[in-house]
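The primary structure of each chain is shown beneath.
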Amino acid sequence: MNINIRPMPPDYRIQLAGLLAEIPQFKTDEVTVALELIDAYLAGGTQSGYHILVAENTGTIAGYICFGPTPLTESTWDIYWEAVSPHFQRQGIGGLLLKAAEKTIGGHNGKLVLIETSSTPLYYGTRGFYRKHGYRLICRIPDFYSPGDNRLTYSKILS
Ligand SMILES: CC(C)(COP(=O)(O)OP(=O)(O)OC[C@H]1O[C@@H](n2cnc3c(N)ncnc32)[C@H](O)[C@@H]1OP(=O)(O)O)[C@@H](O)C(=O)NCCC(=O)NCCS
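Residues numbered from 1 in each chain as written. Predicted model: local features only at pLDDT ≥ 70, side-chain atom pairs only at ≥ 80, totals over all residues. Heavy atoms only, no water.

On to the packing of aromatic side chains. Taken as a whole and assessed by the stated rule, the structure comprises seven aromatic pairs. Between Tyr50 and Tyr80, the aromatic rings sit 5.4 Å apart at their centres with planes inclined by 80°, giving edge-to-face as the arrangement. Note that Tyr50 is positioned in the loop between α2 (28–44) and β2 (51–57) and Tyr80 in strand β4 (residues 76–84), a separation of 30 residues in sequence. Using a relative accessible area of 30% as the deciding quantity, one classes Tyr80 as partly exposed. Taking 6.2 Å as the distance between ring centres and 40° as the angle between the ring planes, the aromatic pair formed by Phe67 and Trp77 counts as tilted. Of the two residues, Phe67 sits in strand β3 (residues 60–69) while Trp77 sits in strand β4, which places them ten residues apart along the sequence. A relative accessible area of 5% places Trp77 in the buried class. Three or more aromatic residues joined by ring pairs form one cluster here, namely Phe129, Tyr130, Tyr135 and Tyr154. Note that Arg6 overlies the ring of Tyr12, its terminal NZ or CZ placed 5.8 Å from the centroid. Taking the ring centre of Phe144 as reference, the NZ or CZ of Arg151 above it sits at 4.4 Å. (Phe/Tyr/Trp six-rings, centres within 6.5 Å; stacked < 30°, edge-to-face > 60°. Helix = DSSP H or I, 4+ residues; strand = E, 2+ residues; numbered from the N terminus. Buried < 20%, exposed > 50% of the residue type's maximum accessible area, 1.4 Å probe, protein only. Lys NZ or Arg CZ within 6 Å of the ring centre and 35° of its normal.)

Okay, structure coming up:
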């Protein structure tokens, strides 16, 4: 495998839409919102408030990460979406994308990084992924997404 991480080129939109559709955790309305952020980025670049990096393996998109500065904060950034194609998961690509995003955030003087996810068993691996990369659970809102499905916020302070 020869993974290259770079800002999303516009001609990857179709492949990225295909990738999002094959992530079992994502519901249809979540894919719709993820695509809205992608389209905002493609229309306005990082001025849109979103940064998108893709991981490609010789022309095939293996994963992506979407993040941006949190409005009305001095140095807080949100990671809005990250996904790696099921064909490419557990091979370190998600970690490479997260590290690359953190590097970009640090380069913009970002200090605090926040990521939200769900408490359901479907996101067990995702929670382990964030913990493995130094993110700490700092907030739990019970029944946020639906009864029994809590919103978890993980954070990391960049050094
Ligand atoms: C979360 C995600 C981006 C991680 O990408 P990845 O390329 O698989 O991650 P890496 O290979 O860099 O890291 C793997 C680590 O993540 C955790 N992990 C990822 N998937 C896991 C799973 N199914 N079960 C258990 N742990 C898992 C483990 O800590 C694992 O480390 P290990 O292999 O040493 O046990 C990917 O699994 C994914 O796209 N998940 C579905 C979508 C999602 O939940 N996105 C985030 C919310 S927006």
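Relative to the elements of secondary structure, Ile157 occurs in strand β7 (residues 149–157). Once the C-alpha coordinates of Ile157 and Leu114 are considered, the two residues, 43 residues apart in sequence, prove to be 9.0 Å apart. Beyond its immediate chain neighbours, meaning those up to four positions away, Ile157 contacts Lys111 and Leu112. (Contact = heavy atoms within 4.5 Å.)

Attention now moves to the sheet that holds β3. Ordered in space as β1-β2-β3-β4-β5-β7-β6, the seven strands form an open sheet in which the pairing is mixed. Of all strands in the sheet, those with a lone pairing partner are β1 (3–7) and β6 (136–146), marking the two edges. Within the sheet, the average angular offset between the axes of one strand and its neighbour, ignoring direction, is 25°. Two strands pair when backbone bridges link them, and β1 and β2 are joined in this way by five bridges, in the antiparallel orientation. Within β2, the position partnered with Arg6 by the bridge is Val54. (Pairing = 2+ DSSP bridges. Axes fitted to C-alpha atoms, helices over the stretch in contact; angles between N-to-C directions.)

All right, on to the environment of Leu42 then. Structurally, the position occupied by Leu42 is in helix α2. Sequence-distant contacts of Leu42, defined by excluding residues within four places in its chain, comprise Met8, Pro10 and Arg13.

Its identity is not glycine, yet Arg90 carries a phi of approximately 60°, on the positive side. You can see Arg90 is positioned in the loop between β4 and α3 (93–107). Judged by relative accessible area, which is 86%, Arg90 ranks as exposed. A positive phi angle, near 60°, is found at Asp143, a position not held by glycine. Topologically, Asp143 is positioned in strand β6. Relative accessible area serves as the criterion here: at 47%, Asp143 is assigned to the partly exposed category.

Taken together, the buried positions of helix α1 (residues 13–21) are occupied by Leu16, Leu19 and Leu20. The buried residues of α1 occupy an angular sector of 100° when projected down its axis, which confines them to one face. Facing away from the buried surface of α1 by more than 90 degrees, the exposed residues are Ile14 and Ala21. On the buried face of α1, the contacting elements are α2, β3 and β4. (Arc of directions from axis to C-beta.)

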